[in-house]
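# Coordinates in review
These are the residues of each chain, in order.
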Amino acid sequence: AAAGAEDEAAPDFFQQNYEALNGPQREGVDALDGPVLVLAGAGTGKTNVLTTRLANVIRTGRAQPGQILAVTFTNKAADEMQERIQRLLGHPVTDMWIGTFHAMAARILRVHHAAVGLGTADFTIVDEADKKRLLRDVIGDLGGDAKALVGQVVRKINAWKLKGWWPGDVPAADGGFALRVFEEYQRRLRACDAADFDDLLLLNLWLFAAHPDVLDKYQRIFRYILVDEYQDTNHVQHQWLLLLARQHGNLCCVGDDDQSIYRFRGADVRNILNMRQDFPAAKVVRLEQNYRSTGHIIGAATGLIAHNASRLGKQLWTDRAAGSPVLIKKLRDRRREAEFVAKQIRRESNPYEYRDTAVLMRTNGQIQEFEAAFVQHQIPYVVASAIGLFDRKEIRDAVAYLRVIAQPRDGLAFQRIVNVPKRGLGPKTVDKIREAAQDGAVEFPEAAQRLLDDGALRGKTGEALATFLADLQRWRALAAEVPPAELWRTVAAESGFQAMVEQQKELEAPGLLKEADVPEDYLGQLDALLREFDTLAEFLEHAALVKEGTKDSDANVVQLMTIHRAKGLEYKLVFLAGWDDTVLPSIMSFKEAGAEGVEEERRLAYVALTRARDVAVITHVAEQAQWGRAGAAYPSPFLAELPRKHVKRMKPKQNSK
């Protein structure tokens with residue numbers, strides 16, 4: 001049992017929660033010492049187990065909160081974990097290292113920035129958009145066609161970094177022009193005192209290799225390490241965890257190999273499949289009781305995933321009623337498929353609200369037909385998106401202002417807002433500053449000041465630039481005196497930014513709720529968020545590391561989304577559209593990874609099925625457009641793998657129940 005010195009502040013709540021766990025869940029909570037792999041099937045109460053386990057580590061006195069490292073893949077998951085632990089213990093837990101891989105790596109680099117060549121603890125973290133913008137500049141400066149090459153170069157550099165390679169590690173035969181870009185890109189990042197997302201973990205590995213004393217320090221600090229969604233880790237994340245866990249060996253990995261669906265981001269399912277090779281003594285705990293779905297849905301999903309050869313093996317089960325079989329409906333084409341789903345949602349006998357319903361697809365390209373059908377049938381809907389507050393143009397511009405104020409060497413942010421709002425510093429002026437930066441081997445802000453000092457920019461252009469640089473200096477002084485929210489309100493007013501946004505008839509990125517008539521107040525959201533931070537540095541780190549998309553909405557609307565986007569969510573009624581060969585499984589996955597690609601597509605289908613609580617309806621079509629003409633479509637081979645006793649094929653004109 002969960003033994004040890006009980007926290008008298010709230011022993012009852014912890015104990016009540018513990019006693020409500022099933023046997024395997026308790027086993028996961030009690031397996032505190034040594035390496036542990038918790039194989040948590042879909043809907044098996046994973047979050048409750050891992051938070052109760054962490055609370056148990058603290059409660060039994062095995063470690064203080066500051067000696068625990070808990071790594072998640074989203075800030076939302078980290079916040080939820082922290083809140084649950086505090087509720088279980090009955091008191092605040094403030095010192096625990098809890099957050100995403102990138103956030104934890106950045107926290108280490110803030111302390112040891114000098115050892116890895118970063119100028120200050122307030123170094124800039126460059127996001128994907130700024131990364132592409134900088135790469136376009138580098139490609140152009142090296143004589144390449146930036147528009148044509150940037151996608152290819154980004155993919156190559158990403159692939160090299162996923163292997164843990166710096167420019168000097170890339171084999172000459174694999175390099176070419178992309179390697180030259182990689183070298184110059186990294187040089188310019190350092191000149192800006194910046195690092196991109198991939199660099200955060202790579203610099204940690206470099207730091208640990210070059211300074212064994214630093215590695216030893218963190219190995220001693222982290223007596224207990226827990227990582228969530230272990231099946232989604234990549235090679236570099238895996239190496240980082242192994243290094244930190246080497247001394248104490250108390251590494252708990254929680255995940256589900258059957259839900260590994262992010263190979264395109266670098267995730268390697270072999271990390272979870274081979275954990276027993278990394279830690280031969282690892283205890284394996286299987287969470288197999290599903291609390292989400294009906295018996296037929298679980299039976300269908302379990303039968304499907306059993307066809308994968310590369311898996312550790314679990315047998316999901318539920319004590320819920322069998323419910324309705326998984327329904328399969330064949331339609332003539334994509335338009336009729338969308339029409340069928342719309343009519344099923346609108347029919348009078350449908351007991352589910354719009355908010356209880358989701359339509360899941362393999363790709364974003366399939367969504368358009370459903371939007372048209374839903375508009376025609378007056379069904380309120382939302383296209384769930386990975387676009388978050390910090391992806392909006394006006395918010396990115398606002399953050400760029402704050403970045404330049406906090407970090408004078410941040411040339412990327414400087415370029416972004418030097419003419420926002422328009423102040424007469426157009427592309428020609430920006431190009432002149434860029435050339436001066438290249439010639440002088442300095443960053444953008446310093447090059448701009450040198451041009452003014454040398455008299456190279458005169459007249460209205462010189463005056464506008466001088467005023468802008470003076471404004472930045474004044475705002476930097478103000479930043480040391482007032483909180484971030486007050487600073488931004490001053491900057492927004494004095495720069496003309498607030499007036500510019502208010503004059504826009506509509507925001508560049510519209511609200512996602514299609515029936516919304518008024519654009520969302522994104523600057524108001526930014527102001528509210530800024531109030532949560534005491535320092536500008538803390539806010540900027542949050543802005544750089546938050547990668548979640550649109551926040552959850554309580555609106556009574558149907559959700560349209562890709563299967564990848566649906567992971568971790570659940571709905572009472574789920575339509576699974578486009579189960580056609582070459583769509584699911586995707587022909588591209590097969591071409592890129594062969595049998596491994598097909599197994600990942602099967603995992604994707606499994607994830608889709610297990611989002612449904614009560615009713616799952618699969619649709620496929622007889623024909624689909626190919627090169628502008630109608631062509632034959634064939635059912636997904638996954639349909640034949642669903643156990644017959646758990647599915648029912650709908651006849652023409654038949655409705656779901």
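Residues numbered from 1 in each chain as written. Predicted model: local features only at pLDDT ≥ 70, side-chain atom pairs only at ≥ 80, totals over all residues. Heavy atoms only, no water.

## Considerations on the overall build of the protein
Counting secondary structure elements, the protein contains 29 helices and 17 strands. Scaling as 2.2 N^0.38, a compact globule of 657 residues should have a C-alpha radius of gyration of about 26 Å, and the protein matches this with 27 Å. Each principal axis of the C-alpha atoms in the protein carries an extent, and together these give about 80 × 65 × 55 Å. Taken across its 657 residues, the protein has 56% of its residues classed as buried. (Helix = DSSP H or I, 4+ residues; strand = E, 2+ residues; numbered from the N terminus. Rg over C-alpha atoms; globule rule 2.2 N^0.38 Å. Buried < 20%, exposed > 50% of the residue type's maximum accessible area, 1.4 Å probe, protein only.)

## Remarks on the UniProt feature "domain: UvrD-like helicase ATP-binding" (unreviewed entry) in the protein
When the UniProt feature table is mapped to this numbering, "domain: UvrD-like helicase ATP-binding" (unreviewed entry) covers residues 19-294. As annotated, residues 19-294 comprises 52% helix and 12% strand, and the C-alpha atoms at either end are separated by 24 Å. (UniProt positions renumbered as here; feature names shortened; annotations may be inferred.)

## A look at the sheet that holds strand β8 (residues 283-287)
Strands belonging to one sheet form pairs held by backbone hydrogen bonds; the direction of such a pair is parallel or antiparallel. Here six strands make up an open sheet; going across it, the order is β3-β2-β6-β7-β1-β8 and the pairing parallel. The sheet terminates laterally at β3 (97-100) and β8, the two strands that pair on one side only. If you compare each strand with its neighbour and ignore which way they point, the axes differ by 15° on average. Judged from the four bridges that link them, strand β2 (residues 68-72) and strand β6 (residues 224-227) form a sheet pairing that is parallel. Within the sheet, the bridge partner assigned to V71 lies in β6 and is V227. (Pairing = 2+ DSSP bridges. Axes fitted to C-alpha atoms, helices over the stretch in contact; angles between N-to-C directions.)

## Notes on the nonpolar core
Ranked by internal contacts, the top residues of the largest apolar core, which has 51 residues, are L402, F414, L465, W488 and F539. A per-element tally of this core places helix α18 (residues 393-406) first, with eight residues. If near-sequence neighbours (up to four positions away) are discounted, L465 is found in contact with F414, V418, L425, I433, A448, L452 and L457. Within the second largest apolar cluster, 50 residues are counted, among which are F101, A103, L243 and L251. (Core = buried A, V, L, I, M, F, W, Y, C linked by side-chain atoms within 4.5 Å. Contact = heavy atoms within 4.5 Å.)

## Looking at the sheet that holds strand β17 (residues 647-649)
Strand order in the open sheet formed by seven strands is β11-β12-β10-β13-β14-β9-β17, and the pairing between neighbours is parallel. Looking at the sheet topology across the chains shown, the edges are occupied by β11 (381-383) and β17. Between one strand axis and the next, the sheet turns by 20° as a mean value, whatever way the strands run. Inspection of the sheet shows strand β13 (residues 571-576) paired to strand β14 (residues 612-621) by five bridges, in the parallel sense.

## Regarding the pattern of salt bridges
What the rule picks out here adds up to 48 salt bridges. Of the charged contacts, one joins D527 and R531 as a salt bridge, the two residues approaching to 3.0 Å between their closest N and O atoms. One salt bridge in this structure joins E600 and R603, with 3.4 Å as the shortest N-O distance. Of the two residues, E600 and R603 both sit in helix α28 (residues 587-609), three residues apart, roughly one turn of that helix. With a relative accessible area of 8%, E600 lands in the buried category. R603 sits in the buried class, given a relative accessible area of 4%. If you follow the salt bridges from partner to partner, you end up with D127, D130, R133, R396, R403 and D410 in one network. (Salt bridge = Lys/Arg side-chain N within 4 Å of Asp/Glu carboxyl O.)

## So, the packing of helix α7 (residues 146-162) against helix α9 (residues 177-191)
The interhelical angle for the contact between α7 and α9, taken along N-to-C directions, is 75°, at an axis separation of 10 Å. Considered as vectors, α7 and α9 are oriented roughly perpendicular to each other. In this structure, α7 contributes L149, V153, K156, I157, W160 and K161 to the contact, and α9 contributes F177, A178, L179, V181, F182, Y185 and Q186. Split by residue class, the contact of α7 with α9 holds ten nonpolar, one polar and two charged. (Parallel < 35°, antiparallel > 145°, perpendicular 65-115°, else oblique. Nonpolar A, V, L, I, M, F, W, Y, C, P; charged D, E, K, R; others polar.)

## What to know about empty space enclosed by the protein
According to the stated counting rule, one finds three cavities of 30 Å³ or more in the structure shown. In this model, the largest cavity occupies a volume close to 170 Å³. Taken together, 15 residues form the lining of the largest cavity, with R188, A437, Q438, V442 and E443 sitting closest to its centre. Of all elements in the fold, only α6 (128-141), α9, α19 (411-417) and α20 (427-440) reach the threshold of two or more residues within the lining of the largest cavity. Class assignment of the residues belonging to the lining of the largest cavity gives a composition of eight nonpolar, two polar and five charged. If you count residues domain by domain, the lining of the largest cavity takes at least three from each of domain 2 (124-192) and domain 4 (390-508). (1 Å grid on protein atoms, 1.4 Å probe; cavity = no way out; pocket = protein on both sides within 12 Å on 5 of 7 lines; lining within 4 Å. Points joined across faces, edges and corners; volume = space filled by probe spheres on them. Domains from an automatic or database assignment.)

## Examining the domain arrangement of the protein
Considered domain by domain, the protein is made up of domain 1 (13-109 + 208-289), domain 2 (124-192), domain 3 (297-386 + 552-649) and domain 4 (390-508). Put simply, the middle of domain 1 and the middle of domain 4, counted by C-alpha atoms, are 42 Å apart.

## Points about unusual backbone geometry
Going from V420 to P421, the amide bond is cis rather than trans, its omega being -5°. Topologically, P421 is positioned in the loop between α19 and α20. In this structure, P585 follows L584 across a cis peptide bond, with omega equal to 10°. Looking at the element boundaries, P585 is found in the loop between β13 and α28.

## Quick word on a nonpolar patch on the surface
Together, I587, M588 and F590 make up an exposed nonpolar region whose accessible area comes to about 290 Å². Its place among the elements puts M588 in helix α28. (Patch = residues over 30% accessible without salt bridge, like charges linked within 9 Å, V, L, I, M, F, W, Y side chains within 5 Å. Areas by Shrake-Rupley, 256 points an atom, 1.4 Å probe, with all protein chains shown as cover.)

## Here we look at the confidence of the model for the protein
Taken residue by residue, the protein gives an average pLDDT of 89. The fraction at 70 or more is 93%. Mean pLDDT values over the elements of the protein span from 78, in strand β15 (residues 623-626), up to 98, in β13. Note on residues 3-10: pLDDT is under 50 here. Beyond four places in sequence and across chains, it has 16 contacts. Taken as a whole, residues 505-519 scores under 50 in pLDDT and shows 28 contacts with residues more than four places along the chain or in a different chain. (pLDDT = per-residue confidence, 0-100.)

## Description of helix α23 (residues 484-495)
Taking 1.5 Å as the rise per residue, α23 with twelve residues should run 16 Å; its terminal C-alpha atoms sit 16 Å apart, in good agreement. Burial in α23 covers these residues: P484, A485, L487, W488, V491, A492 and S495. Along the axis of α23, the buried residues cluster in a sector spanning 155°; they form a single face. On its buried side, α23 packs onto α18, α22 (459-479), α24 (497-503), α25 (522-530) and α26 (536-545). (Expected span 1.5 Å × (residues − 1). Arc of directions from axis to C-beta.)

## Description of the packing of aromatic side chains
For the structure on display, the rule yields 17 aromatic pairs. With a centroid separation of 5.8 Å and 65° between ring planes, the pair formed by F101 and W240 is classed as edge-to-face. With F101 in helix α5 (residues 101-112) and W240 in helix α12 (residues 235-245), this pair connects stretches of sequence that are 139 residues apart. According to the relative accessible area criterion, F101 is buried, its value standing at 2%. Between the aromatic rings of W160 and F182, the centroid separation amounts to 5.7 Å while the plane-to-plane angle is 20°, which identifies the pairing as stacked. In this pair, W160 sits in helix α7 while F182 sits in helix α9, placing the two residues 22 residues apart along the sequence. For the pair shown, W160 and F182 are each scored as buried. The ring of W97 has R107 sitting right over it, with the charged end atom 3.7 Å from the ring centre. Here the basic side chain of R110 rests over the ring of F123, its NZ or CZ set 4.0 Å away from the ring centre. (Phe/Tyr/Trp six-rings, centres within 6.5 Å; stacked < 30°, edge-to-face > 60°. Lys NZ or Arg CZ within 6 Å of the ring centre and 35° of its normal.)

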